[in-house]
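So you can see what is in the structure, the chains are spelled out below.
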Amino acid sequence: MSHHLRIVRGDATPEEIAALVAVLAVRRAQPPPPPPRRSRTWRNPARTMRNPLAPGKSAWRMSALP
């Protein structure tokens, strides 16, 4: 896709044209991608807590298992 820039009125200097092109290029540029999100499960302190024990058959044996 080709883009054209045409000066309609006035006599622009090469510096003015370069400034205009720079502004248009920056405006057209894509924003940087957002940083990747970190997983919250690794930082969650509840992850290190033990699951509650469920009463039932052989519950006393299961209480010694991690």
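Below: a short report on this structure. Given the structure is predicted, the values throughout are model-derived calculations rather than measurements. Per-chain numbering applies: the sequence of each chain, read as written, is numbered from 1 onward. In view of the model being predicted, local features appear only for residues whose pLDDT reaches at least 70, and side-chain atom pairs are presented and counted only at 80 or more, with totals across whole chains, interfaces and linings using the full set of residues. To obtain the side-chain values, all non-hydrogen atoms of the structure were used and water was disregarded.

With that out of the way, let us pick up the overall build of the protein chain. In this text, helices come from DSSP runs of H or I with a minimum length of four residues, and strands from runs of E with a minimum of two, each type numbered from the N-terminal end. For the protein chain, the helix and strand inventory stands at 2 helices and 0 strands. Burial statistics for the protein chain: of 66 residues in total, 0% are counted as buried. Surface accessibility follows the Shrake-Rupley procedure with a 1.4 Å probe radius. Residue values consider only the protein chains on display as shielding. Carbon together with sulfur atoms contributes 61% to the accessible area of the protein chain, which is approximately 7300 Å² in total. Any residue under 20% of the maximum accessible area for its type is buried, any over 50% is exposed, and the rest in between are partly exposed; the area is computed with a 1.4 Å probe on protein chains only.

Another aspect to go through is a nonpolar patch on the surface. Taken together, the side chains of Leu5, Ile7, Ile17, Leu20, Val21 and Leu24 make up a nonpolar region of the molecular surface, amounting to roughly 470 Å² of accessible area. Within the fold, Leu5 resides in the segment before helix 1 (14-28). By relative accessible area, Leu5 is classed as partly exposed at 46%. Patch membership requires over 30% relative accessible area and the absence of a salt bridge. Like charges are linked within 9 Å, and nonpolar side chains (Val, Leu, Ile, Met, Phe, Trp, Tyr) within 5 Å. Salt bridges are identified by distance alone: a Lys or Arg side-chain nitrogen within 4 Å of an Asp or Glu carboxyl oxygen.

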